[in-house]
Amino acid sequence: MIPINEPLLGQRDLEYVSECVRTGWISSAGRFIEAFEQGWAEYCGRKHGIAVCNGTAALQAAVAALSLEPGDEVIMPTFTIISCALAVVYAGGVPVLVDSDPETWTMNVDRIADRITPRTKAIMAVHIYGHPVDMDPILDLAEQHGLAVIEDAAEAHGANYLSGRYTAEKTWQRCGSFGTMSCFSFYANKVITTGEGGMVLTDTPSLADKVRSLRNLCFETGQRFLHNELGYNFRITNLQAALGVAQVERIDELVARKRWMGEAYTKRLQGLSTLQLPAEKSWAQNVYWMYGVVISEETGMNAATFAQRLAKQGVQTRPFFLGIHEQPVFRRDGLFRSEVYPVAERLARQGLYLPSGMALTEVQLEQVVKAVQGVLAS
Ligand SMILES: Cc1ncc(COP(=O)(O)O)c(C=O)c1O
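In this report, the structure presented in the accompanying data block is examined. As the structure is a prediction and not an experimental result, all values here were calculated from the model.

Quick look at the sheet that holds strand β13 (residues 318–319)
Spatially, four strands are ordered β10-β12-β14-β13 in an open sheet, and the strand pairing comes out antiparallel. Unpaired on one side and paired on the other, β10 (275–276) and β13 mark the two borders of the sheet. Pairing geometry for strand β12 (residues 291–295) and strand β14 (residues 351–354), over four bridges, is antiparallel. The partner of Gly-292 across the bridge, within β14, is Tyr-353. Across the sheet, helix α11 (residues 342–350) lies against β10, β12 and β14, angled at about 100° from β12, the strand it touches most.

This is the structure we're talking about:
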């Protein structure tokens, strides 16, 4: 079976992690944590980085730092991981959903303005499967309405967006550099990984302090074991950060590998009329975090049937997200009950992603392509 993901770890990864083991710096203090935070913040063009234990915690800490009042609203795509909605619900807020763009699968930015109410406090902009969301309209709306922007760049390490907001000429800006705070996951299938891990980036010193405090139980700085606020233990270990430092050192190579994979799949699959492939808009550089495809209903298959047939050919796949509005855990509580988002609903039923890991070889990629062609021809 060709696996959906296999990380590609190297000598430097081993060397840095070994140093932690050798020196005994294995917990949440040690030289690699700050080095990882600084290295990633610098790569993304941000001033401050706060590393945490996973991407869900990063979103949770970032939303908590906004100090929402109960019932405050955060606009987000329905087509995303549940972590985005959880962060808002845990903070006492309400996720307000927007359908996807049928081409890029990211949030349809034309639908955001209609969802803004006096209770709206933030927009959560999520890059999907490596393709950036159209950031400029989001940043413009946020500015007009005084909203925070939380950028979820978990799936878009190293992706770029052509923005017209910084200079007269449009310039390429790195995903993770936008908005009030940006959040990352470094789970083993991400472009750079720490096994489990996450980070919040920001340019605002007060928010950086707040997230840093939330990460570590909101200990008061003057007096140990005194707490004026509710915090979390979202700490990352030096062991994980050591892996992170080694990965940041070769980010360009890792991004190039993903782009090679995406382009190689597209080149071989683009003739198939019943398969929608990942987009790359003129304003976007896709990192193809996961190579998603959407199968046409004309084939008589949905993603589940397609996945079963590919599995028989030795190809592992993963289904696309089931929209937030279709999640039983929220529906049970009366949220999103009468809401319909046709694009996201179709993506959930017809979309899956193909093996896309860092360790995927050209031979494996060719096998996947043959299996896809075979299943579609049968
Ligand atoms: C867009 C997005 N945000 C957040 C997360 C959560 O990250 P983690 O699995 O590290 O908690 C993920 C996980 O894949 C994700 O895809």
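A word on the site of the ligand
Close contacts around the ligand come from Asn-54, Gly-55, Thr-56, Leu-59, Ile-81, Ser-83, Val-126, Asp-152, Ala-154, Glu-155, Ser-185 and Lys-190, and that covers them all. In the environment of the ligand, an oxygen atom lies 2.8 Å from a nitrogen or oxygen atom belonging to the backbone of Gly-55. In this structure, an oxygen atom belonging to the ligand sits 2.7 Å away from a side-chain N or O atom of Ser-185. Considering the ligand on its own, with 390 Å² of exposed area, one finds that the protein chains cover 89% of that surface.

What about the pattern of salt bridges?
For the structure on display, the rule yields 21 salt bridges. The partner of Asp-13 in a salt bridge is Arg-250, with the nearest N and O atoms 3.3 Å apart. One end of the pair, Asp-13, is in helix α1 (residues 11–23); the other, Arg-250, is in the loop between α7 (238–249) and α8 (251–269), and 237 residues separate them in sequence. Residue classification places Arg-250 among the buried residues on the basis of a relative accessible area of 17%. Among the salt bridges present, the one from Arg-346 reaches Glu-297, with a minimum N-O distance of 2.8 Å. Here the residue Arg-346 occupies a position in helix α11, and Glu-297 occupies one in the loop between β12 and α9 (303–312), the gap between them amounting to 49 residues. Among the residues examined, Arg-346 registers a relative accessible area of 32% and is labelled partly exposed.

Thoughts on the sheet that holds strand β7 (residues 171–174)
Pairing is antiparallel in the open sheet, where three strands are placed in the order β7-β6-β11. If you trace the sheet from one side to the other, it starts and ends with β7 and β11 (284–285), each paired once. Summarising the sheet, strand β6 (residues 160–163) and β7 pair through four bridges and their orientation is antiparallel. The residue bridging Leu-162 from the neighbouring strand is Trp-172, located in β7.

As for the environment of Asn-233
Within the secondary structure, Asn-233 is located in the loop between α6 (205–215) and α7. On the basis of relative accessible area, Asn-233 is assigned to the partly exposed category, the value being 44%. If near-sequence neighbours (up to four positions away) are discounted, Asn-233 is found in contact with Cys-53, Arg-215 and Leu-217. Here Arg-235 takes part through its backbone nitrogen, which lies 3.0 Å from a polar atom of the side chain of Asn-233.

Considerations on the packing of aromatic side chains
The final tally for this structure, using the stated rule, is 24 aromatic pairs. Judged by centre distance (5.4 Å) and plane angle (85°), the rings of Trp-40 and Phe-184 are edge-to-face. With Trp-40 in helix α2 (residues 31–43) and Phe-184 in strand β8 (residues 181–185), this residue pair connects regions lying 144 residues apart in the sequence. Given the relative accessible area of 0%, Trp-40 is considered buried. Ring centres 4.7 Å apart and planes at 35° place the aromatic pair Tyr-265 and Tyr-291 in the tilted group. In this pair, Tyr-265 is assigned in helix α8 and Tyr-291 in strand β12, connecting sequence segments 26 residues apart. The exposure classification of Tyr-265 matches that of Tyr-291, with both residues buried. An aromatic cluster of three or more residues is present, and its members are Phe-79, Trp-105, Tyr-129, Trp-289, Phe-320, Phe-321 and Tyr-353.

Thresholds applied
- Residues numbered from 1 in each chain as written.
- Predicted model: local features only at pLDDT ≥ 70, side-chain atom pairs only at ≥ 80, totals over all residues.
- Heavy atoms only, no water.
- Pairing = 2+ DSSP bridges.
- Helix = DSSP H or I, 4+ residues; strand = E, 2+ residues; numbered from the N terminus.
- Contact = heavy atoms within 4.5 Å.
- Axes fitted to C-alpha atoms, helices over the stretch in contact; angles between N-to-C directions.
- Near = heavy atom within 4 Å.
- Polar contact = N/O pair within 3.5 Å; in protein donor to acceptor, adjacent residues only side chain to side chain.
- Areas by Shrake-Rupley, 256 points an atom, 1.4 Å probe, with all protein chains shown as cover.
- Salt bridge = Lys/Arg side-chain N within 4 Å of Asp/Glu carboxyl O.
- Buried < 20%, exposed > 50% of the residue type's maximum accessible area, 1.4 Å probe, protein only.
- Phe/Tyr/Trp six-rings, centres within 6.5 Å; stacked < 30°, edge-to-face > 60°.

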